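# Observations on the three-dimensional arrangement
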Amino acid sequence: MGQPPRMTSGSLRVLLIGPYDPHCGEYTFLAPPLGVWRLAGVLESSGVETKVFDPNCCREPPQRALERELLGGPWNIVGVSTTGMTLRFDLELAHIVRRVRPEALIVAGGMEATFRPDLMFELGPFDLIVLGEGERPLLELVARLRAGQPAGGIAGTASRSKDGDILSIPQRALNRGELRDAIYSTPYDEMPYSAYWERLESAYRIGALPSKAAREAHLAEIRSVRLITLNYCPMGCTFCSATNFLHEAEGGVASIARLEADECLTMIERIMAAHPRARTIIFQDDIFTFTRDRRILPLCEGIIAAKQNGRIPPHLQFISTNRIDAMSAERLTAMRRAGFRVLGFGIESFSPRVLAEFNKAQIHRHIEPMLSAALASGITPFLDLILSSPHAALEDVAQTLREAYRWLRQGCEIGMYPYVIPFSGAMLAKDPSLLPYTHYARQHVAGTDIAWQQPVKILPRDPNVADAILRMERSFESMLGPLERQVAHLPSRLRSLLWISSSLPIMAERGQYIADESEVRGELYARLPALRTEAATPAAATA
Ligand code: B12
Ligand code: SF4
């Protein structure tokens, strides 16, 4: 380790910092950071005084708020949560911790720390990196400090020797019982969901919405609480890092674990007791329904019964992300009856070729029938799409744009991303043949002279497709800016329409017809009643 471990006796105090996103918009971290809250609950259950510092929910600049919190110490351990998207900001906070509390043991954890312990030691002031789930390593670390023992050699950690070598010690993933206990320990009654709801409500300018029905719909989405019941998704999509997270920490294949139906109900009841104003519970599992799933139907029945006998409010709604090939008419009907309002589907692409590249070719034949069935049963499907892949041809991109437009008009919500982001730990990010097509951004850690090149996009290998995607991105951004200044909240459906709109002239130049331009503009106006015509006239010409 870089610094000698600091010993202590008596009571220990731990401060856990959630991932920090200063551009915190409605799409990012506008919810309490679940990972560090779960860890705080587990530590508190073991009698360790633990506090969560949430940089995305501070009344004053988070840097100043953190300094104040640190000075209110002493803190024996300060844990910093990291993701790739937030790393430069997470590091900024970590350096503040080192400056204000030079004696504290600073630990990094989370996605980015697990996949890149080397980078953490290079860029951050960390003593120790936790790999994978933080529960066991943190409890062991606390026990060591309490006993006055050194912090080296703990399973699930990486440390750096004096000569710079990194020693990683794997740990197995939490088993079903351990995972259940950790989830049960999550202190929902302490998590400041109301503060987040207030911010979101003002972001959506709730009072300004035209009708009561629209207001109710927005409130249901805003007043949501997040619950995760699964440890990881084993699907192995090539662009995904989450699927490899526990394998990385275990150094092998981790076992799947999740809550049973009755345990999910216990959590729902606890959440509603802690946050009675909540309207929606978002199941945050990477995938909520498996193809051979024995939980979903009993869970839906349990929810319906709990609503009938007053254990949970009858109006409570649910959102979850699912495999589309795990859906059936029976499951969709049961979910609708239980109150599932929106179902997320990681469709990614409508092109079978691109789906094969993403290692999800098997979903293609389920897309059309299951989206139709979901819409028919009154559920809104939310589709995540990636417009291009490294091997995509122009026709693949066109196919996804055309189909996206068709489903959007039928009532689907869509989130669109132009290209694969090379998240650490994802298969595509590790593929050396894609390095020439990977773009980097220079990142700088505020308050320090630390900077590094972070991979941010993998563009299509075909230069014609790459050029089209980059021009679409520029056009999208140039349209987004003025719109964001005019309207309070841009829902994803609208953003997707902007992507489609920005693609029209660029794809047309390349002989690909996507949709009628005036019709797309009409769809945009319909969703932006307050918008002035000039502002919406797609300045796609800037492409
Ligand atoms: C919930 C979620 C969100 C929520 C966040 C709500 C919230 N505040 O919690 C919302 C919807 C807002 C969101 C947004 C985004 N997300 Co998100 N999200 C997730 C998701 C599905 C679950 C995270 C979670 O709660 N896990 C459950 C908790 C218990 O686990 P955990 O956080 O990992 O914490 C455990 C360990 O990591 C560790 N740990 C974590 N922190 C620390 C700290 C210390 C000190 C220690 C010791 C241990 C430790 O211990 C914890 C308990 O075991 C993950 C996928 C996943 N399976 O993790 C993606 C994921 C984190 N999101 C991702 C992305 C890309 C995004 C978006 C960029 C999407 C987008 N394009 O808009 C945005 C932007 C976020 C931003 N600004 O950076 C990526 C991040 C990839 C990366 N490597 O950085 C992930 C991994 C999905 C993926 N593979 O693509 N997301
Ligand atoms: S289904 Fe979702 S969570 Fe699972 S591997 Fe694919 S992208 Fe990742």
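Scroll up to find the structure.
Residues numbered from 1 in each chain as written. Chains lettered and ligands numbered in written order. Predicted model: local features only at pLDDT ≥ 70, side-chain atom pairs only at ≥ 80, totals over all residues. Heavy atoms only, no water.

### Side note on the overall build of the protein chain
Within the protein chain, the secondary structure is distributed over 21 helices and 15 strands. Here the protein chain has a C-alpha radius of gyration of 24 Å; the compact-globule value for 543 residues is 24 Å, and the two agree. Judged by the C-alpha coordinates and their principal axes, the protein chain covers about 70 × 60 × 45 Å. Sorting the 543 residues of the protein chain into buried and exposed places 56% on the buried side. Look at the contacts in the protein chain between residues 6 or more apart in sequence, and 73% of them connect residues 24 or more apart. When the accessible surface of the protein chain is split by element, carbon and sulfur atoms take 52% of a total near 22,300 Å². Charged side chains in the protein chain number 59 positive and 61 negative. The centres of these two groups are separated by 3 Å. (Helix = DSSP H or I, 4+ residues; strand = E, 2+ residues; numbered from the N terminus. Rg over C-alpha atoms; globule rule 2.2 N^0.38 Å. Buried < 20%, exposed > 50% of the residue type's maximum accessible area, 1.4 Å probe, protein only. Contact = heavy atoms within 4.5 Å. Areas by Shrake-Rupley, 256 points an atom, 1.4 Å probe, with all protein chains shown as cover. Lys, Arg positive; Asp, Glu negative; His and termini not counted. Charge placed at Lys NZ, Arg CZ, Asp CG, Glu CD.)

### With respect to the packing of helix α12 (residues 296-308) against helix α13 (residues 329-338)
It is at 9 Å that the axes of α12 and α13 come closest, and there the two elements cross at 25°. With respect to α13, the element α12 is oriented roughly parallel. The two elements α12 and α13 cross, and the hand of that crossing is left-handed. Judged by residue contacts, Ile 296, Leu 297, Cys 300, Ile 303, Ile 304 and Lys 307 of α12 engage Glu 330, Arg 331, Ala 334, Met 335, Arg 337 and Ala 338 from α13. Looking at the contact of α12 with α13, its residues break down into eight nonpolar, no polar and four charged. (Axes fitted to C-alpha atoms, helices over the stretch in contact; angles between N-to-C directions. Parallel < 35°, antiparallel > 145°, perpendicular 65-115°, else oblique. Left-handed = near helix turned anticlockwise from the far one by under 90°. Nonpolar A, V, L, I, M, F, W, Y, C, P; charged D, E, K, R; others polar.)

### Regarding the sheet that holds strand β11 (residues 340-348)
Ordered in space as β8-β9-β10-β11-β12-β13, the six strands form an open sheet in which the pairing is parallel. Either end of the sheet is taken by a strand with one partner, and the two such strands are β8 (224-227) and β13 (413-417). Taken over all neighbouring pairs, the strand axes of this sheet differ in orientation by 20° on average, direction set aside. As defined by bridge partners, strand β9 (residues 280-283) adjoins strand β10 (residues 317-322) across four bridges and the pair is classed as parallel. (Pairing = 2+ DSSP bridges.)

### Some remarks on the packing of aromatic side chains
The final tally for this structure, using the stated rule, is 10 aromatic pairs. Between Phe 318 and Phe 340, the ring centres sit 5.3 Å apart and the planes meet at 35°, which makes this aromatic pair tilted. Within this pair, whereas Phe 318 is found in strand β10, its partner Phe 340 is found in strand β11, the two being separated by 22 residues in sequence. Residues Phe 318 and Phe 340 agree in their burial class; the two are buried. (Phe/Tyr/Trp six-rings, centres within 6.5 Å; stacked < 30°, edge-to-face > 60°.)

### A short note on the packing of helix α16 (residues 394-410) against helix α18 (residues 463-486)
At a closest axis distance of 9 Å, the pairing of α16 and α18 adopts a crossing angle of 35°. Here Leu 394, Val 397 and Leu 401 of α16 come into contact with α18, specifically with Asn 464, Val 465, Ala 468, Ile 469 and Met 472.

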